[in-house]
Amino acid sequence: DTSGNKGSASFTVTVTEAADTTPPAPYTITDDSTGGDCQYIGTWNTSTKTCTLTGPIGTTVVNDSTGVIIGSDGITLDGGNSYGIYGTATGTGAGAALAPNYGTSGGTVSPDGQYGVLIDGKDNVTIRNIGSIQTFHAGIVVKNANNVDILSNSISLLPYSAMQVVGSSDVTMTSNTVSGVVSNYGCVVQISSSADVTLNQNDMSGSGGESNVCILN
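Residues numbered from 1 in each chain as written. Predicted model: local features only at pLDDT ≥ 70, side-chain atom pairs only at ≥ 80, totals over all residues. Heavy atoms only, no water.

## Looking at the pairing of strand E14 (residues 169–174)
Here is step 1: As judged from the five bridges shared by strand E11 (residues 146–151) and E14, these two strands associate in the parallel manner. Residue pairing in the sheet places isoleucine 150 in a bridge with methionine 173 of E14.
Here is step 2: Sheet analysis places E14 next to strand E16 (residues 195–200), joined by five bridges and oriented parallel. When the sheet's bridge partners are listed, threonine 174 is paired in E16 with asparagine 200. (Pairing = 2+ DSSP bridges. Helix = DSSP H or I, 4+ residues; strand = E, 2+ residues; numbered from the N terminus.)

Dropping the structure here:
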């Protein structure tokens with residue numbers, strides 16, 4: 001003070017971090033103002049119906065969960081800066097019970113729901129630039145859908161199939177890289193009960209199993 005007296009004091013500052021309100025997977029992308037769950041994992045462009053990832057999806061993907069579900073027609077899922085979708089699937093799961101008919105009998109897909117990306121009954125969909133889809137039981141599943149482009153994705157470390165197309169038409173798979181898919185119960189790429197499916201310049205050199213590509217109708 002003005003008389004030259006000095007004192008001291010102590011105090012405690014408590015910092016509380018805000019709780020993470022991001023819901024767990026699966027994340028469903030839909031055609032609305034926020035892109036459905038796109039608001040939690042990326043940026044949404046309403047005019048182009050594009051969800052662009054802003055970071056990897058992984059820490060909130062739990063066992064027995066699909067990563068991303070396409071919930072509307074006309075959706076594009078873009079990996080942005082090549083961000084990935086990482087699951088936690090372990091073991092052989094329900095697919096082992098179907099051996100040796102897994103992926104071949106009656107247009108069946110992996111029955112336990114652990115997919116990186118699921119397109120079921122939705123048309124005019126594009127999945128592109130995903131830097132990694134790994135540790136699911138199946139990478140990208142296209143079921144009962146039309147006009148689907150799967151472009152420039154990396155898929156790895158799966159026990160069943162990298163890409164499955166069932167009961168669909170006009171599906172194009174171009175410039176995808178598949179590695180570490182050892183399909184003991186099906187095919188690395190499975191196409192069944194489908195029409196006008198194109199595979200173009202896909203690299204599957206790092207995968208194998210009973211069959212690399214199966215086409216069954």
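## Considering the environment of serine 161
Here is step 1: Mapped onto the fold, serine 161 is located in strand E13 (residues 161–166).
Here is step 2: For serine 161, a relative accessible area of 0% puts it in the buried group.
Here is step 3: Linking serine 161 and asparagine 212, residues 51 residues apart in sequence, is a C-alpha distance of 9.1 Å.
Here is step 4: In this structure the side chain of serine 161 is engaged in a polar contact, spanning 3.3 Å, whose partner is the side chain of glutamine 164. (Buried < 20%, exposed > 50% of the residue type's maximum accessible area, 1.4 Å probe, protein only. Polar contact = N/O pair within 3.5 Å; in protein donor to acceptor, adjacent residues only side chain to side chain.)

## Topic: the sheet that holds strand E8 (residues 125–128)
Here is step 1: Pairing in this open sheet of seven strands is mixed, and the strands run E2-E3-E5-E8-E11-E14-E16 from one edge to the other. In this open sheet, the two strands that pair with only one neighbour each are strand E2 (42–45) and E16. Neighbour-to-neighbour, the strand axes of this sheet turn through a mean angle of 10°, independent of strand direction. (Axes fitted to C-alpha atoms, helices over the stretch in contact; angles between N-to-C directions.)

## Things to note about a nonpolar patch on the surface
Here is step 1: Together, Leu199, Val213 and Ile215 line one region of the surface with nonpolar side chains, adding up to about 250 Å² of accessible area.
Here is step 2: Judged by its relative accessible area of 36%, valine 213 falls in the partly exposed class. (Patch = residues over 30% accessible without salt bridge, like charges linked within 9 Å, V, L, I, M, F, W, Y side chains within 5 Å. Areas by Shrake-Rupley, 256 points an atom, 1.4 Å probe, with all protein chains shown as cover. Salt bridge = Lys/Arg side-chain N within 4 Å of Asp/Glu carboxyl O.)

## So, the pattern of salt bridges
Here is step 1: Applying the stated criterion across every chain yields a total of two salt bridges.
Here is step 2: With its nearest N and O atoms 3.2 Å apart, the salt bridge here joins lysine 49 to aspartate 31. With lysine 49 in the loop between E2 and strand E3 (50–53) and aspartate 31 in the loop between strand E1 (27–29) and helix H1 (38–41), the pair connects residues that are 18 residues apart, well separated along the chain.

## Considerations on the confidence of the model for the protein
Here is step 1: Looking at the protein as a whole, its pLDDT mean stands at 82, while 73% of the residues score no less than 70.
Here is step 2: Counting interchain partners and residues more than four positions distant, the pLDDT-below-50 stretch residues 93–107 has 32 contacts. (pLDDT = per-residue confidence, 0-100. Contact = heavy atoms within 4.5 Å.)

## Observations regarding the state of the cysteines
Here is step 1: What the rule picks out here adds up to one disulfide.
Here is step 2: Here cysteine 38 is linked by a disulfide to cysteine 51, with a sulfur-sulfur distance of 2.2 Å. Linking cysteine 38 and cysteine 51, the disulfide has an S-S dihedral of approximately 95° and is accordingly described as right-handed. With cysteine 38 in helix H1 and cysteine 51 in strand E3, the pair connects residues that are 13 residues apart, well separated along the chain. (Disulfide = S-S within 2.5 Å.)

## Looking at the environment of serine 179
Here is step 1: Looking at where serine 179 falls in the secondary structure, it is placed in strand E15 (residues 177–192).
Here is step 2: Look at serine 179 and you get partly exposed, because its relative accessible area is 31%.
Here is step 3: Along the sequence, serine 179 and serine 154 sit 25 residues apart, while their C-alpha atoms lie 8.0 Å from each other.

## Focus on the side chain of serine 192
Here is step 1: Checked against the element boundaries, serine 192 lands in strand E15.
Here is step 2: Among the polar contacts listed, one links the side chain of serine 192 to the side chain of glutamine 190, at a separation of 3.2 Å.

## Some details on unusual backbone geometry
Here is step 1: Residues alanine 25 and proline 26 are joined by a peptide bond in cis, for which omega reads 5°.
Here is step 2: With respect to the helices and strands, the residue proline 26 is situated in the segment before E1.
Here is step 3: At leucine 157, a residue that is not glycine, the phi angle is positive and equals roughly 55°.
Here is step 4: Looking at where leucine 157 falls in the secondary structure, it is placed in strand E12 (residues 154–158).

## Some words on the side chain of asparagine 202
Here is step 1: Take asparagine 202: it is sitting in the loop between E16 and strand E17 (203–216).
Here is step 2: Taking the relative accessible area as the measure of exposure, asparagine 202 reaches 19% and is therefore buried.
Here is step 3: At 3.0 Å, the side chain of asparagine 202 and the side chain of asparagine 176 are in polar contact.
Here is step 4: Ignoring sequence-local partners within four residues, the contact set of asparagine 202 consists of Met173, Thr174, Ser175 and Asn176.

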